[in-house]
Amino acid sequence: MSVDDSYRLVALGYDPATALFLDPIRRLVRDTATRLGARRVLDACCGTGRQTLALRRAGLRALGVDASPAMLAVARKAAGKNAPFARMDARRLAFADATFDAACIILALHENAEPDRLAMVREMARVTRPGGSLLLVDYTAATTGGMAGLLVPLAERLAGAEHYRNYRDFMLRKGVAGLCRRLGLAPAGPLVPCLLGRAALLTARV
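Only a predicted model underlies this, so the values are computations on that prediction, with no experimental measurement involved.

Caption draft 1: Molecular detail of the side chain of D43. Along the chain, D43 falls in strand β1 (residues 40-44). Look at D43: it is buried, it has no salt bridge, and the nearest opposite charge is R26 at 7.2 Å. Contacts of D43, omitting those with residues within four sequence positions, involve Q51, T52, L63, G64, V65 and C104.

Caption draft 2: Here's a closer look at the packing of helix α1 (residues 11-35) against helix α3 (residues 69-79). Their axes nearest at 8 Å, the elements α1 and α3 cross at an angle of 65°. Contacts between α1 and α3 involve A11, L12, Y14 and D15 from the first element and A70, M71 and V74 from the second. Here the residues of the contact of α1 with α3 are counted per class, giving 6 nonpolar, no polar and 1 charged.

Caption draft 3: The arrangement of the pairing of strand β7 (residues 199-205) in detail. Judged by how many residues are buried, β7 sits mostly within the fold: 6 of 7 residues are covered. With 7 bridges connecting them, strand β5 (residues 128-139) and β7 associate as antiparallel partners. Considered in β7, the bridge of L136 is made with L202. Counted along the chain from strand β6 (residues 192-194) to the antiparallel partner β7, the turn is 4 residues long, and its residue L195 has a positive phi close to 55°.

Caption draft 4: Here's a closer look at the pairing of strand β2 (residues 61-66). As paired strands, β1 and β2 are joined by 5 bridges and run parallel to one another. Paired with D43 across the two strands is G64, which belongs to β2. The handedness of the β1 to β2 crossover, carried by helix α2 (residues 50-57), is right-handed. As paired strands, β2 and strand β3 (residues 85-87) are joined by 3 bridges and run parallel to one another. For G64, the partnering residue across the bridge sits in β3 and is F85. In this view, the connection linking β2 to its parallel neighbour β3 by way of α3 has right-handed handedness.

Caption draft 5: Structural detail: the sheet that holds β5. Spatially, the 7 strands line up as an open sheet ordered β3-β2-β1-β4-β5-β7-β6, and their pairing is mixed. Edge positions in the open sheet fall to β3 and β6, since each of these has one partner strand only. Going across the sheet, the axis of each strand differs from the next one's by a mean of 20°, ignoring polarity. Against the sheet, α2 touches β1, β2, β3 and β4 (100-106), its axis set at about 175° to β2. Along the sheet face, helix α7 (residues 175-183) touches β5 and β7 and points at about 145° away from the line of β5.

The rules behind each value
Residues numbered from 1 in each chain as written. Predicted model: local features only at pLDDT ≥ 70, side-chain atom pairs only at ≥ 80, totals over all residues. Heavy atoms only, no water. Helix = DSSP H or I, 4+ residues; strand = E, 2+ residues; numbered from the N terminus. Buried < 20%, exposed > 50% of the residue type's maximum accessible area, 1.4 Å probe, protein only. Lys, Arg positive; Asp, Glu negative; His and termini not counted. Salt bridge = Lys/Arg side-chain N within 4 Å of Asp/Glu carboxyl O. Contact = heavy atoms within 4.5 Å. Axes fitted to C-alpha atoms, helices over the stretch in contact; angles between N-to-C directions. Nonpolar A, V, L, I, M, F, W, Y, C, P; charged D, E, K, R; others polar. Pairing = 2+ DSSP bridges. Right-handed = clockwise from strand over helix to strand, strands pointing away.

This is the structure in structure tokens:
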């Protein structure tokens, strides 16, 4: 795995800058996984680990994986002893088939190129048991005005040229719903809006 870490400069400030906006999404994912009866949950691209830890506080056996050493260092410090995190490429997960009851990924698909985001969801589906669930949170194709409609594109642009290029491609391909259609995944119910309507939780059965 490459040692280049695009998050090394922002890892320490990531949670203070984003928790206000992202913690409601994390609670939504936690509550959805609990309602679906999941016990073993993979948190792909877990970043600083707040989603993983929220799942574990709810009694779920959650494991977070991420490729960024800097983000994982923050996650492990927050978790303390026996931190449930591993450094791993989400495109090539080192788990056997059907290891988990559910797998989630929060606002990480759009920042990757199309072949990589497809590979990530395919791997999440592979390691989730038949009948289990994928919980995918990312931007939707629907345009949204107001503050979110201004701030989200600005934040994506500030994240860097490659990040913004991948975001634009993701949006042109109809967001998280379009990605699932290309993968042949059918939503298990209606999309649940979040991030002031700019993003949504899409749940799909494996």
